[in-house]
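# Topology and contacts: notes
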Amino acid sequence: MPSRPRDETIVLGIESTAHTFGVGIVSDNPPYILADVRRKWEPRSGGILPREVAEYFSKVAGEAVEEALGSAGLSIKEISAIAVSLGPGMGPALRVGATVARALALKHGKPLVPVNHAVAHIEVARWSTGLRDPVALYVAGGNTTVVSFVDRRYRVFGETLDIALGNLLDTFAREAGIAPPYIVSGQHAVDVCAEGGEFIEGIPYVVKGQDVSFSGILTASLKLLKRGARLRDVCYTLREVAFSSVVEVTERCVAHTGKKQVTLTGGVAANKLLNSKMEAMASLQDAVYKPVDVRLSGDNGVMIAVTGLAAFRSGVTVEPEKAFIRQKWRIDEVDIPWYPWMPGLG
Amino acid sequence: MVSVDAWIGLNLEELPLIKRGAESEIRRGRFLGVDAVYKIRVRKPYMHPRLAESLARARTKREAKIIAAARRGGVSAPALLAVFPSLAVLIMEYVEGRLLKDEVDRLGGGLRPVINKAGETLGRLHRLGIVHGDPTTSNYILSRGVPVLIDYGLSEFSESIEDRAVDLHLFRRAASSTHASIADSLYKWYVEGYLSEMGLEGERVVNRAEEVRLRGRYVRERKKTVWG
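A quick note: this is a predicted structure, and the numbers were derived from the prediction, not measured.

### Looking at the domain arrangement of chain B
Residue and element names in this part refer to chain B. Taken domain by domain, chain B comprises domain 1 (4-93) and domain 2 (98-227). Computed over C-alpha atoms only, the centres of domain 1 and domain 2 are separated by 24 Å. The interface of domain 1 with domain 2 comprises 16 residues on the first partner and 17 residues on the second. Around 1,300 Å² of area is buried between domain 1 and domain 2 when both sides are counted, 67% of it from carbon and sulfur atoms. When residues of domain 1 are sorted by the area they lose upon contact with domain 2, I66, V75 and S76 head the list and together hold 38% of the total. Applying the counting rule to domain 1 against domain 2 returns one salt bridge.

### Focus: the nonpolar core
Counting residues in each nonpolar core, the largest one holds 132 residues, and the members touching the most others are F21, I25, L165 and L274 of chain A. When residues of this core are assigned to their parent elements, the largest contribution, eleven residues, is made by helix 7 (residues 231-257) of chain A. For L274 of chain A, the contacting residues outside a window of four places in its chain are V139, L165, F243, V246, V247, L264 and V268 of chain A. If you look at the next biggest cluster of nonpolar residues, it comprises 42 residues, including I26, L100, Y152 and V191 of chain B.

### Here's the deal with unusual backbone geometry
Residue P180 of chain A is reached from A179 of chain A by a cis peptide bond, and omega for that bond is 0 degrees. As for its position among the elements, P180 of chain A is in the loop between helix 4 (165-175) and strand 9 (183-184). Put simply, P180 of chain A and P181 of chain A share a cis peptide bond, and its omega is 0 degrees. The topology assignment puts P181 of chain A in the loop between helix 4 and strand 9. Phi is positive for S185 of chain A, close to 40 degrees, though the residue is something other than glycine. On the secondary structure map, S185 of chain A appears in the loop between strand 9 and strand 10 (187-188). The phi dihedral of R144 of chain B falls on the positive side, at around 50 degrees, and the residue is not glycine. Here R144 of chain B lies in the loop between strand 8 (140-143) and strand 9 (146-149).

### Some details on helix 8 (residues 272-284) of chain A
Residues and elements named next belong to chain A. Compared with the 18 Å implied by 1.5 Å per residue over 13 residues, the 19 Å span of helix 8 between its first and last C-alpha is a close match. Regarding helix 8, the residues found buried are L274, N275, K277, M278, M281 and A282. Across the axial projection of helix 8, the buried residues extend over an arc of 165 degrees, all falling on one side. In helix 8, the exposed residues that point more than 90 degrees away from the buried face are K272 and S283. Looking at the buried positions of helix 8, the neighbouring elements they touch are strand 6 (135-139), helix 4, helix 7, strand 13 (261-265) and strand 14 (288-289). A side-chain oxygen of the first residue of helix 8 lies 3.0 Å from the backbone nitrogen of L273; this N-cap is N271.

### Considering the interface of chain A and chain B
Tallying the contact residues gives 61 residues for chain A and 41 residues for chain B. Interface of chain A and chain B: buried area, both sides summed, is about 4,600 Å²; carbon and sulfur atoms make up 54% of it. On the chain A side of the interface with chain B, the three residues burying the most area are F199, H256 and R330 of chain A, jointly 13% of the side's total. Where chain A touches chain B, the interface holds six salt bridges. Where R173 of chain B meets E159 of chain A, a salt bridge forms, and the shortest distance between an N and an O atom there is 3.4 Å. The tally of links between chain A and chain B comes to eleven residue pairs in polar contact (both at pLDDT 80 or more).

### A look at the packing of helix 4 of chain A against helix 6 (residues 215-226) of chain A
All names here are of chain A. Helix 6 packs onto helix 4 with a crossing angle of 20 degrees between their chain directions and a minimal axis gap of 10 Å. When the axis of helix 4 is compared with that of helix 6, the two are roughly parallel. When you trace helix 4 past helix 6, the crossing you get is right-handed. In this structure, helix 4 uses L168, T171, F172 and E175 to contact helix 6, whose residues at the interface are I217, L218, S221, L222 and L225. Across the contact of helix 4 with helix 6, the residue classes tally to six nonpolar, two polar and one charged.

### Re the sheet that holds strand 14 of chain A
Here we have five strands laid out as an open sheet, ordered 8-7-6-13-14 (chain A), and mixed in their pairing. One side of each edge strand has no neighbouring strand; the edge strands of this open sheet are strand 8 (153-159) and strand 14 of chain A. Pairing analysis gives five bridges linking strand 6 of chain A to strand 7 (residues 144-150) of chain A, with the strands arranged antiparallel. Bridge assignment links A136 of chain A to a residue of strand 7 of chain A, and that residue is V147 of chain A. In the packing of helix 5 (residues 161-178) of chain B onto the sheet, contacts are made with strand 7 and strand 8 of chain A, and the angle to strand 8 of chain A comes to roughly 150 degrees.

### Remarks on the pattern of salt bridges
In total, this model carries 38 salt bridges over all chains according to the counting rule given. Residues R126 of chain A and E123 of chain A are paired through a salt bridge, measuring 2.6 Å at the closest nitrogen-oxygen approach. Placement of both R126 of chain A and E123 of chain A in helix 3 (residues 117-129) is noted, with a separation of three residues, approximately one turn of the helix. The exposure class of R126 of chain A is buried, given its relative accessible area of 0%. The class for E123 of chain A is buried, based on a relative accessible area of 0%. One salt-bridge network, in which partners are shared between bridges, spans E248, E251 and R252 of chain A together with K44 and R59 of chain B.

### Looking at the packing of aromatic side chains
Counting across every chain of the model gives eight aromatic pairs over all chains. Ring centres of Y32 of chain A and W127 of chain A lie 6.1 Å apart, and the angle between their planes is 85 degrees; this geometry places the pair in the edge-to-face category. Here Y32 of chain A is found in the loop between strand 2 (20-27) and strand 3 (33-40), whereas its partner W127 of chain A is found in helix 3, with 95 residues between them in sequence. Judged by relative accessible area, which is 22%, Y32 of chain A ranks as partly exposed. Geometrically, the ring pair formed by Y56 of chain A and F57 of chain A is tilted, given 6.2 Å between the ring centres and 50 degrees between the ring planes. By relative accessible area, which is 23% here, Y56 of chain A ends up partly exposed. Positioned above the aromatic ring of Y94 of chain B, the side-chain terminus of R28 of chain B is 3.5 Å from the ring centre.

Rules and cut-offs
- Residues numbered from 1 in each chain as written.
- Chains lettered and ligands numbered in written order.
- Predicted model: local features only at pLDDT ≥ 70, side-chain atom pairs only at ≥ 80, totals over all residues.
- Heavy atoms only, no water.
- Domains from an automatic or database assignment.
- Contact = heavy atoms within 4.5 Å.
- Buried area = accessible area lost by both parts, 1.4 Å probe.
- Salt bridge = Lys/Arg side-chain N within 4 Å of Asp/Glu carboxyl O.
- Core = buried A, V, L, I, M, F, W, Y, C linked by side-chain atoms within 4.5 Å.
- Buried < 20%, exposed > 50% of the residue type's maximum accessible area, 1.4 Å probe, protein only.
- Helix = DSSP H or I, 4+ residues; strand = E, 2+ residues; numbered from the N terminus.
- Expected span 1.5 Å × (residues − 1).
- Arc of directions from axis to C-beta.
- Polar contact = N/O pair within 3.5 Å; in protein donor to acceptor, adjacent residues only side chain to side chain.
- Axes fitted to C-alpha atoms, helices over the stretch in contact; angles between N-to-C directions.
- Parallel < 35°, antiparallel > 145°, perpendicular 65-115°, else oblique.
- Left-handed = near helix turned anticlockwise from the far one by under 90°.
- Nonpolar A, V, L, I, M, F, W, Y, C, P; charged D, E, K, R; others polar.
- Pairing = 2+ DSSP bridges.
- Phe/Tyr/Trp six-rings, centres within 6.5 Å; stacked < 30°, edge-to-face > 60°.
- Lys NZ or Arg CZ within 6 Å of the ring centre and 35° of its normal.

Next up, the structure:
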């Protein structure tokens, strides 16, 4: 293993907001990503059960940290700081990550860096795409938000007024009896099911200003099924209407801010149809479009580590005894003093 | 289908483009001897053609109805000159002036009365049973000192407190993203004007707007799914 530069900063990041316990190790020198270990809790049926997740995280946390250090070929001594995702997310799950991070920081005398999970999704998108100042659509199971950086912070330009996009897809799939598993070989059950479907009437398109709403889509879709509509047509149309509406509110943000870069991030960012719609929208607005690197779209420790690294270099740390989790920590409460700097991008 | 060009005897493509927005192209021209803008709704190329077409048509028709109703009710809005729903084209009078968004920094002490007036205009619209859907500083034109509320592309007939509250919320949020350093004052002044028109009923809307703000951001408990 080549010797490391003396001024190198290496951050170990811990993610535990939802279903994934992730440990990432990132350096500010190439090859940047030194470790990416994930332990994912999978439901046998239904959705996420916070207590079960926390129990599972407690079991795998230690080995995940060990494995990350091992695969990076590092000892904890060589780590400059510990970063941890303190929210938003599920309390029981967050507590495991926070406890592990506090323990590592205290035991080894490392600075602790608080990271907002939503900020991390945006930062890892900027980092992996090289887009320094984009409009970002962040779509996941619990989030559907259009953000862009203005005056020190990521500002929310649009969001869902009720359920999130991932939640819409998952809930529909579950109710329609086509999931779990929700994802099969990289495709969501609703995408698989939409093959060969046709556009039908009856699913409401709801955009209010810069916000979307999905609960009406869910209700109408289930009603159509009950009335005997073909499942593939419902899947096709539900997806068409829901994706079109998030892309439309993103377009409004692009038009409003005049920014010429657009990115897509979060657990739903790997979706092919959504990507093709985003691409078409961006070209309409003369903007460059690049989605987050698909390997970093879902929850992971690398995004916490890279955001933690940027924050740490700007002097953002927290005393371990004051590192409280925040289940409802909003993205626009977080100052981003390093913006637009990211390791390797300058 | 008759083309709007043939109908009104000119080629829309040749009219000077003022703005290409997310929703529409705005072109400037004359209509029946009046200085006019042509709002040509975009069929979104990223949508299924049937969805794009039905949205463009329905939105054009609704916008025309709403502009007419707003003007009749005394709202500072552009006058509607003609509408072609099947072509997704609206023709309105041209409003002289600059976007409020670009004037905010230059108005200085004159800013407060203008923002008051803008809020009052929204109040008047709400009293007519219409919500705007996107009342940001980008959608007011300051014309001879009067903020004219434009772009009813997302407006709806609604008297629900919730929909009204969303209007206030949208103004507030756009203010905090576009004019971050003075956003709180802008919202305060906007609400002052709004209440002067809406009275007691307005208080409930303002309170609800606060709820909307909290709710939209992780505050309402949501079922988490496997995607986090």
